[in-house]
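Overview (structure and organization)
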Amino acid sequence: MITLKFGGTSMANARRILASSEIIINRAKEDRISVVVSAVAGVSNNLQSAIDATTSGISGSNYVTDLRNTHNEICLELQSKLPGFDADKVMAKLEPNFIELEKLLAGCVSFGECPDTVHCRIMGMGELISAPIMEAVLLAKKQSVIFLDSRKFVYTTGNQKEGEADYAKCNEACAPFRDGASPAQTRILLFPGFICTWTDSASSKSVMGLLGRNGSDFSAAIIGASLRVKRVEFWTDVDGIFTADPRVVKDAILIDDMSYEESMELSFFGSKVLHPKTIAPLQAKGIEAWSLNSHNPSARGTRIGKGPFASRGKSSICGVSTLKHVSMISVGGALMRGRTGMASKIFSAVSSAGTSILLITQSSSEYTISFCVRDDEAEKVKAALDKKFELEIREKLLDEVDVRKDCAIVSVVGDGMIANRGVASKFLSALSSQDINILAIAQGSSERCISAVINNEFADTAVKAVHQFFFHTAQTIEVFAFGAGTIGGTMIDQIRDQREKLLKENVDIKVMCITTIDGMNINEDGLDLTNWREDMKKPMYPFGPNNVDDIIKFVREKKPLNPVFVDCTASYDLPERYLDILNAGMSIATPNKRANSMNIEFYRELRRTANKMHRRFLYETNVGAGLPIIDTLQNLYKSGDRLESFNGIMSGSLSYIFGKLDEGVSFSQAVLEAKELRYTEPDPRDDLNGLDVARKALIIARESGFDIELSDITMYKVFPDSFDSSGTVEEFLKKLPEVDDYFAKKIADLKKKGKVLRMGATIKDGKVSVGMMEVGQNDPLYGVRGGENAFVFYTERYQPIPLTVKGYGAGAGVTAAGVFGDILRTVSFNMEQ
């Protein structure tokens, strides 16, 4: 014999009830079965709302009408789809329940309260109404079924609304229905879940009771254990139990098998697994529990039984869970040290408040005992402790009871923790990776669970990070792209084209936000990049000065694991927000040189803030586009090398222009060609004035350890003093041939000496200059032309032969690839496999 339990989503409507009935019929072909059903989805919540409303003086008639209509619609649809199902007959059978409910709610209105007995009768109506509907469906399908009122088979004591099973009475009541108990037995036994008969220990009076949280699950476990079934199947709307809540961790993994103990630990600490009180009677009888999906009956599901299971291999843990909205209460003071019985007094006071303790931890000095309770119980626990230790607190022998609300407990659970080392280290490293402050740590003596108390707002972030560390699921990168022009747009295209390949490398990169002058699109699940340019023509939000604040607010609310703000603009003002962005917990990747060429104090503060927030400030493309300049220079400096001098051609446009002069092309013609090829800015003077080169030289100098400002750089003019470079772009280009002879003479004179003319930057003795350079044949810069960049570093180690880096240092493709590379540096590719 087996037991099947169907939850509210499996009973949600006519279609789901019919699907569940097919599962019942198929199981009944194999064996006798007992079936436990929950109320129709949403009904229990509506019944609670009815209680809340009526105790506030609001009539309950509308609630009863809605409930009657909900079930009538289900019955009418069943009648239309199932021959032999009579909706009127079923509703007539249910009508006494609706009448009773209306009377009970009227009483709540009259008295302004809902006693426990009335509460139980109201809240149990959902199952008393849904079970007869399932019975009628099975009878219409010609099944051998009997409806059994759970109040005659499930008996409890203790709390009326959350009773403890009296297994002796339950066993006795169920005995006649066990396999072999009588010659002719009904094939399907149908029970309503959640309800029971409760006995008051003081008066020995028996009335209707409830089984509390996960009550229908508990019903199935009690009935299954009492009927001595082989297994109990819990049918829900998911394929089984996952390594974490799939709503939080999108790539959570389905667990094939888990032990009773693991299930109870995970459930206790907030996981949507079977409640410990449900597992306990099954474990006692050695009955397997299965978590199955009524929406996908062919899925294997998750088995809960006596471990260990071969399918689990050497895995240390089976899951990560979090229990939110808890308070950590601490009792401490000099009296605690070496004083016997203090813990007993503390927990006695908590017990007197009728509260369950979720976690306990004590400092090794015995100075403080801390424990967690649910947030809504914290004040009454504090009041009980204040009363218990009133004298000790007044005499300063104990400190004031400290209550820290809005906490969460995040836990890792697994039988494999007993045999595998390093679990605690990995757990704490995962939390540290997200800069999550740990308030307390606890581990049970079974070594099956490690828990940490953290701030509630970081609960989901903690689960994501811990899951990633233990299950090696894809490392995430959440990109917030600000600017999608030539470079930014190309970068977004590269991310789109490489995403699937990166997933195979265990990197899940998503563009969460794109902001342009047209507006902003943002999505917490990542934007669809298939036609992102078209999508940006109809943005979700307009472009404006608050876009950065909107992104910061989004990150603080959604808490992505690895958010990266990518500034692909040439904005002068946006870099001034970089500190705010870093303080919001975002890394920054940018080709924008503005931030690194602002005053030296801002330059330093950027790095201090990034370190404080454990985030990255990445700007490889500030110098040399996709060439590895910044990273190379930083590694030299960190390893103890020192820059002695530097020469560099750091502008693709100037490289092209001055290279053309070698070929006999006039200066004005070379500038026009470079402009037509879009090597220069729309106004070529922005390149020829050397300011862009100066910013790059400033960054190289600062990365080499020199504390200099942009104003400290010596700028040598390209044009002779006699030339007037003012006016519009057209006027400037029209006047440009006036300097052709000036440059032609320079080139001719240098050619006689075996030299060429180049424009770039020089660093020597801590001084930086930008201007034209006369370069001989033995100089690494001699052959640099055609848009190529070259960087020549003379250091303590690299001389007399310098370290030289050459290549194309401009162009949307290489620059975008450089920014993309910086983004990828926010994750590690060498996580343990």
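The sections below set out a description of the structure shown in this document. (Residues numbered from 1 in each chain as written. Predicted model: local features only at pLDDT ≥ 70, side-chain atom pairs only at ≥ 80, totals over all residues. Heavy atoms only, no water.)

1. A word on the overall build of the protein
Scanning the protein for helices and strands turns up 28 helices and 30 strands. Split into buried and exposed, the 833 residues of the protein put 54% on the buried side. Looking at the protein alone, contacts between residues at least 24 apart form 72% of all its contacts between residues at least 6 apart. Carbon and sulfur atoms provide 49% of the accessible area of the protein, an area that totals close to 36,800 Å². Measuring between centres, the 98 positive side-chain charges of the protein sit 4 Å from its 106 negative side-chain charges. (Helix = DSSP H or I, 4+ residues; strand = E, 2+ residues; numbered from the N terminus. Buried < 20%, exposed > 50% of the residue type's maximum accessible area, 1.4 Å probe, protein only. Contact = heavy atoms within 4.5 Å. Areas by Shrake-Rupley, 256 points an atom, 1.4 Å probe, with all protein chains shown as cover. Lys, Arg positive; Asp, Glu negative; His and termini not counted. Charge placed at Lys NZ, Arg CZ, Asp CG, Glu CD.)

2. Topic: the environment of Asn45
In this fold, Asn45 is placed in helix α2 (residues 43–54). The spacing of Asn45 and Gly126 is 81 residues in sequence and 9.8 Å in space, taken between C-alpha atoms.

3. A look at the pairing of strand β28 (residues 767–776)
Sheet topology note: the strand β26 (residues 714–715)/β28 ladder contains two bridges and is parallel. Across the sheet, the residue bridging to Met715 is Val770, located in β28. Bridge count for strand β27 (residues 755–764) against β28 is 10 bridges, and the pairing is antiparallel. Residue pairing for β28: Gly760 is matched across the bridge by Gly771. In this structure, the hairpin formed by β27 and β28 is closed by a connection of two residues, where Asp765 is found at a positive phi of approximately 55 degrees. (Pairing = 2+ DSSP bridges.)

4. What about the pattern of salt bridges?
Under the defined criterion, the tally for this structure stands at 51 salt bridges. When the shortest N-O distance is used, the salt bridge between Asp149 and Arg151 registers 2.8 Å. Owing to a relative accessible area of 18%, Asp149 belongs among the buried residues under this scheme. For the salt bridge of Arg231 with Glu233, the shortest nitrogen-to-oxygen distance reads 2.8 Å. On the accessibility criterion, Glu233 (2% relative accessible area) is buried. (Salt bridge = Lys/Arg side-chain N within 4 Å of Asp/Glu carboxyl O.)

5. Regarding the sheet that holds strand β5 (residues 162–165)
Read from one edge to the other, the open sheet built from four strands follows the order β5-β4-β7-β8, with strand pairing classed as mixed. Looking at the sheet topology across the chains shown, the edges are occupied by β5 and β8 (206–210). Here the strands of the sheet are splayed against their neighbours by 55 degrees on average, with no regard to which way each runs. In terms of strand pairing, strand β4 (residues 155–159) meets strand β7 (residues 195–199) through two bridges, oriented parallel. Bridge assignment links Thr156 to a residue of β7, and that residue is Trp198. (Axes fitted to C-alpha atoms, helices over the stretch in contact; angles between N-to-C directions.)

6. As for the side chain of Asp217
As for its placement among the helices and strands, Asp217 is situated in helix α8 (residues 215–227). Under the relative-accessibility criterion, Asp217 is labelled buried at 11%.

7. Some thoughts on the pairing of β7
With five of five residues buried, β7 is to be regarded as a mostly interior element. Burial along β7 is two-sided: Ile195, Thr197 and Thr199 and Cys196 and Trp198, pointing in opposite directions, are all buried. In terms of strand pairing, β7 meets β8 through five bridges, oriented antiparallel. When the sheet's bridge partners are listed, Thr199 is paired in β8 with Ser206. Between β7 and β8, which pair antiparallel in sequence order, lie six residues; one of them, Ser204, sits at a positive phi of approximately 65 degrees.

8. Quick word on the packing of α2 against helix α5 (residues 116–123)
Packing of α2 against α5 leaves a shortest axis separation of 9 Å and a crossing angle of 145 degrees. Between α2 and α5 the crossing geometry is right-handed. Within the contact between the two elements, α2 uses Ser44, Leu47, Gln48 and Ile51 and α5 uses His119, Ile122 and Met123. Counted by class, the contact of α2 with α5 contains four nonpolar, three polar and no charged residues. (Left-handed = near helix turned anticlockwise from the far one by under 90°. Nonpolar A, V, L, I, M, F, W, Y, C, P; charged D, E, K, R; others polar.)

9. Points about the packing of helix α4 (residues 87–111) against α5
Think of two packed helices as two axes; the pair is described by the angle between the axes and how far apart they sit. One way to put it is that α4 packs onto α5 with a least axis distance of 10 Å and a crossing angle of 145 degrees. The two elements α4 and α5 meet at a crossing, and its hand is left-handed. Residues Glu100, Leu101, Leu104, Leu105 and Cys108 of α4 form the contact with α5, whose participating residues are Val118, Arg121 and Ile122. Here the contact of α4 with α5 is composed, by residue class, of six nonpolar, no polar and two charged.

10. Observations regarding helix α7 (residues 167–174)
Those residues of α7 that fall on the buried side of the exposure criterion are Cys170, Ala173 and Cys174. Relative to the axis of α7, the buried residues are bounded by an arc of 90 degrees and lie together on one face. Relative to its buried face, α7 has exposed residues pointing more than 90 degrees away, namely Ala168 and Glu172. (Arc of directions from axis to C-beta.)

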